[in-house]
Amino acid sequence: MAILEILKYPHTNLKKKVEKINIINNNIINITNSMIETMIHNNGIGLAAPQVNINKQIIVISINEKIKPLILINPIIILKKGITTNTEGCLSFPDVFVKVKRNKIIKVIFFDLNGKKNLFLADNLLSICIQHEIDHLNGITLYDKMSTLKKKLIQK
Ligand SMILES: [Zn+2]
(Lines give C-alpha, C1' and ligand atoms only; values in the text may rest on other atoms or scores of the structure.)
Protein backbone atom coordinates (compact mmCIF):
# COMPACT_ATOMS: atom_id res chain seq x y z
CA MET A 1 0.00 0.00 0.00
CA ALA A 2 1.04 3.56 -0.56
CA ILE A 3 -0.22 7.07 -0.17
CA LEU A 4 -0.91 8.37 -3.66
CA GLU A 5 -0.73 11.91 -4.98
CA ILE A 6 -4.14 13.52 -5.43
CA LEU A 7 -4.65 15.42 -8.66
CA LYS A 8 -5.91 18.94 -8.12
CA TYR A 9 -8.10 21.08 -10.35
CA PRO A 10 -7.45 22.01 -13.21
CA HIS A 11 -5.56 18.77 -14.04
CA THR A 12 -7.01 17.55 -17.34
CA ASN A 13 -7.19 13.90 -16.23
CA LEU A 14 -9.95 14.93 -13.81
CA LYS A 15 -12.11 15.68 -16.85
CA LYS A 16 -11.80 12.25 -18.47
CA LYS A 17 -14.31 9.44 -18.36
CA VAL A 18 -12.55 6.34 -17.01
CA GLU A 19 -12.70 2.66 -17.99
CA LYS A 20 -14.74 -0.18 -16.59
CA ILE A 21 -12.81 -2.95 -14.85
CA ASN A 22 -13.07 -6.38 -16.49
CA ILE A 23 -10.88 -8.44 -14.19
CA ILE A 24 -10.17 -7.87 -10.51
CA ASN A 25 -6.52 -8.85 -10.15
CA ASN A 26 -3.83 -8.08 -7.56
CA ASN A 27 -3.10 -4.79 -9.27
CA ILE A 28 -6.70 -3.62 -8.79
CA ILE A 29 -6.67 -4.81 -5.17
CA ASN A 30 -3.41 -2.92 -4.51
CA ILE A 31 -4.73 0.26 -6.14
CA THR A 32 -7.93 0.06 -4.08
CA ASN A 33 -6.04 -0.44 -0.81
CA SER A 34 -3.78 2.49 -1.62
CA MET A 35 -6.83 4.62 -2.43
CA ILE A 36 -8.30 3.82 1.00
CA GLU A 37 -5.01 4.72 2.67
CA THR A 38 -4.81 7.96 0.67
CA MET A 39 -8.41 8.93 1.51
CA ILE A 40 -7.90 8.35 5.24
CA HIS A 41 -4.52 10.12 5.23
CA ASN A 42 -6.19 13.21 3.70
CA ASN A 43 -9.25 13.06 5.99
CA GLY A 44 -11.51 12.53 2.99
CA ILE A 45 -14.84 10.72 3.07
CA GLY A 46 -14.62 9.55 -0.53
CA LEU A 47 -12.11 9.14 -3.32
CA ALA A 48 -12.44 8.13 -6.98
CA ALA A 49 -9.60 6.51 -8.97
CA PRO A 50 -9.22 9.37 -11.50
CA GLN A 51 -8.34 11.65 -8.55
CA VAL A 52 -5.17 9.58 -8.07
CA ASN A 53 -4.57 9.47 -11.83
CA ILE A 54 -5.90 5.95 -12.34
CA ASN A 55 -8.11 5.40 -15.35
CA LYS A 56 -10.45 2.86 -13.72
CA GLN A 57 -13.96 2.76 -12.25
CA ILE A 58 -13.07 2.43 -8.57
CA ILE A 59 -14.59 4.40 -5.70
CA VAL A 60 -13.79 4.19 -1.99
CA ILE A 61 -15.97 5.77 0.68
CA SER A 62 -15.64 6.15 4.42
CA ILE A 63 -18.33 8.26 6.03
CA ASN A 64 -18.16 6.46 9.35
CA GLU A 65 -14.80 5.61 10.93
CA LYS A 66 -16.33 2.70 12.82
CA ILE A 67 -17.36 0.90 9.62
CA LYS A 68 -14.91 -0.62 7.14
CA PRO A 69 -14.52 1.62 4.04
CA LEU A 70 -16.88 0.86 1.18
CA ILE A 71 -15.40 -0.21 -2.15
CA LEU A 72 -17.45 0.22 -5.31
CA ILE A 73 -16.19 -1.10 -8.63
CA ASN A 74 -18.05 -0.25 -11.86
CA PRO A 75 -20.92 1.43 -9.94
CA ILE A 76 -24.18 2.19 -11.73
CA ILE A 77 -27.10 4.12 -10.28
CA ILE A 78 -30.31 2.34 -11.23
CA LEU A 79 -32.81 4.39 -9.24
CA LYS A 80 -32.95 8.02 -8.13
CA LYS A 81 -35.49 9.57 -5.78
CA GLY A 82 -36.03 12.99 -4.26
CA ILE A 83 -33.84 16.08 -4.32
CA THR A 84 -31.46 17.42 -1.70
CA THR A 85 -29.05 20.36 -1.74
CA ASN A 86 -25.86 20.22 0.29
CA THR A 87 -22.49 21.93 0.53
CA GLU A 88 -19.78 19.64 -0.83
CA GLY A 89 -16.02 19.67 -0.70
CA CYS A 90 -13.52 17.64 -2.72
CA LEU A 91 -9.91 16.58 -2.19
CA SER A 92 -9.16 17.81 -5.72
CA PHE A 93 -10.46 21.30 -4.79
CA PRO A 94 -8.81 22.19 -1.47
CA ASP A 95 -10.70 24.87 0.50
CA VAL A 96 -13.50 25.09 -2.09
CA PHE A 97 -17.10 24.41 -1.06
CA VAL A 98 -20.00 24.28 -3.48
CA LYS A 99 -23.73 23.92 -3.01
CA VAL A 100 -24.84 20.96 -5.12
CA LYS A 101 -28.32 19.64 -5.88
CA ARG A 102 -28.49 15.83 -5.95
CA ASN A 103 -30.90 12.96 -5.52
CA LYS A 104 -31.77 12.15 -1.92
CA ILE A 105 -32.01 8.40 -2.36
CA ILE A 106 -30.26 6.20 -4.90
CA LYS A 107 -30.09 2.51 -5.64
CA VAL A 108 -26.65 1.46 -6.85
CA ILE A 109 -25.24 -1.72 -8.37
CA PHE A 110 -21.50 -2.35 -8.10
CA PHE A 111 -18.89 -5.08 -7.76
CA ASP A 112 -16.76 -5.64 -4.67
CA LEU A 113 -13.12 -6.79 -4.63
CA ASN A 114 -14.25 -10.43 -4.70
CA GLY A 115 -15.99 -9.78 -7.99
CA LYS A 116 -19.36 -10.19 -6.31
CA LYS A 117 -22.22 -8.06 -7.59
CA ASN A 118 -23.92 -5.99 -4.90
CA LEU A 119 -26.96 -3.78 -4.79
CA PHE A 120 -27.91 -1.32 -2.14
CA LEU A 121 -30.07 1.62 -1.33
CA ALA A 122 -28.27 4.72 -0.04
CA ASP A 123 -29.67 7.91 1.41
CA ASN A 124 -28.42 11.19 2.92
CA LEU A 125 -24.64 11.60 3.17
CA LEU A 126 -23.84 8.18 1.72
CA SER A 127 -26.07 8.83 -1.28
CA ILE A 128 -24.54 12.27 -1.88
CA CYS A 129 -21.03 10.91 -1.53
CA ILE A 130 -21.63 8.07 -4.02
CA GLN A 131 -23.13 10.50 -6.55
CA HIS A 132 -20.15 12.86 -6.12
CA GLU A 133 -17.66 10.02 -6.68
CA ILE A 134 -19.54 8.54 -9.66
CA ASP A 135 -19.40 12.03 -11.20
CA HIS A 136 -15.59 11.79 -10.99
CA LEU A 137 -15.68 8.52 -12.98
CA ASN A 138 -17.52 10.44 -15.70
CA GLY A 139 -15.10 13.37 -15.68
CA ILE A 140 -17.53 15.61 -13.82
CA THR A 141 -16.17 17.64 -10.89
CA LEU A 142 -17.33 20.33 -8.48
CA TYR A 143 -16.19 22.85 -11.11
CA ASP A 144 -19.11 21.76 -13.30
CA LYS A 145 -21.49 22.40 -10.38
CA MET A 146 -20.29 25.94 -9.65
CA SER A 147 -22.02 29.17 -10.51
CA THR A 148 -20.43 31.32 -13.23
CA LEU A 149 -19.26 33.76 -10.56
CA LYS A 150 -17.58 31.04 -8.52
CA LYS A 151 -15.90 29.67 -11.66
CA LYS A 152 -14.40 33.13 -12.28
CA LEU A 153 -13.20 33.38 -8.69
CA ILE A 154 -11.55 29.95 -8.70
CA GLN A 155 -9.69 30.73 -11.93
CA LYS A 156 -7.97 33.72 -10.29
ZN1 LIG B 1 -14.37 14.89 -5.37
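- For the protein chain, the name recorded in an unreviewed UniProt entry is Peptide deformylase, with Candidatus Azoamicus ciliaticola as its organism.
- The UniProt entry for the protein chain carries this comment under Sequence similarities (unreviewed entry): "Belongs to the polypeptide deformylase family."
- Heading Function (unreviewed entry) of the UniProt record for the protein chain holds this comment: "Removes the formyl group from the N-terminal Met of newly synthesized proteins. Requires at least a dipeptide for an efficient rate of reaction. N-terminal L-methionine is a prerequisite for activity but the enzyme has broad specificity at other positions."

1. Some thoughts on the UniProt feature "binding site: Fe cation" (unreviewed entry) in the protein chain
Stage number 1. When the UniProt feature table is mapped onto this chain numbering, "binding site: Fe cation" (unreviewed entry) sits at Cys 90, His 132 and His 136. In three dimensions, the annotated residues from a span of 47 residues occupy one location, with a maximal C-alpha spread of 10.3 Å. The annotated residues named above include His 132 and His 136 as those lining the largest cavity.
Stage number 2. Counting through the fold element by element, His 132 comes out in helix H2 (residues 124–137).
Stage number 3. The contact partners of His 132, leaving out residues within four places of it in the chain, are Glu 88, Gly 89, Cys 90, Arg 102 and Leu 142.
Stage number 4. Sequence-distant contacts of His 136, that is, excluding residues within four places in its chain, are made with Lys 16, Ala 48, Pro 50, Gln 51, Cys 90 and Thr 141.

2. Structural notes on the coordination of the zinc ion
Stage number 1. Coordination of the zinc ion by the protein comes from Cys 90 (SG), His 132 (NE2) and His 136 (NE2), over a distance range of 2.0 to 2.2 Å.
Stage number 2. Of note, the donors binding the zinc ion are all from one chain and are spaced C-x41-H-x3-H. Taken together, the residues span a long stretch of sequence, with Cys 90 in strand E3 (residues 70–90) and His 132 in helix H2 at a distance of 42 residues.
Stage number 3. Residue Cys 90 is classed as buried on the basis of its relative accessible area, which comes to 11%.
Stage number 4. Taking the relative accessible area as the measure of exposure, His 132 reaches 8% and is therefore buried.

3. Quick word on the UniProt feature "active site" (unreviewed entry) in the protein chain
Stage number 1. As annotated in UniProt, the feature "active site" (unreviewed entry) corresponds to Glu 133 in the numbering used here.
Stage number 2. Inspection of the secondary structure puts Glu 133 in helix H2.
Stage number 3. With residues near it in sequence (within four places) discarded, Glu 133 still touches Gly 46, Leu 47, Ala 48, Gln 51, Ile 59 and Ile 61.

Conventions we followed
Residues numbered from 1 in each chain as written. Predicted model: local features only at pLDDT ≥ 70, side-chain atom pairs only at ≥ 80, totals over all residues. Heavy atoms only, no water. UniProt positions renumbered as here; feature names shortened; annotations may be inferred. 1 Å grid on protein atoms, 1.4 Å probe; cavity = no way out; pocket = protein on both sides within 12 Å on 5 of 7 lines; lining within 4 Å. Helix = DSSP H or I, 4+ residues; strand = E, 2+ residues; numbered from the N terminus. Contact = heavy atoms within 4.5 Å. Donors = N, O, S within 2.8 Å, 3.2 Å for Na, K, Ca; no water. Buried < 20%, exposed > 50% of the residue type's maximum accessible area, 1.4 Å probe, protein only.

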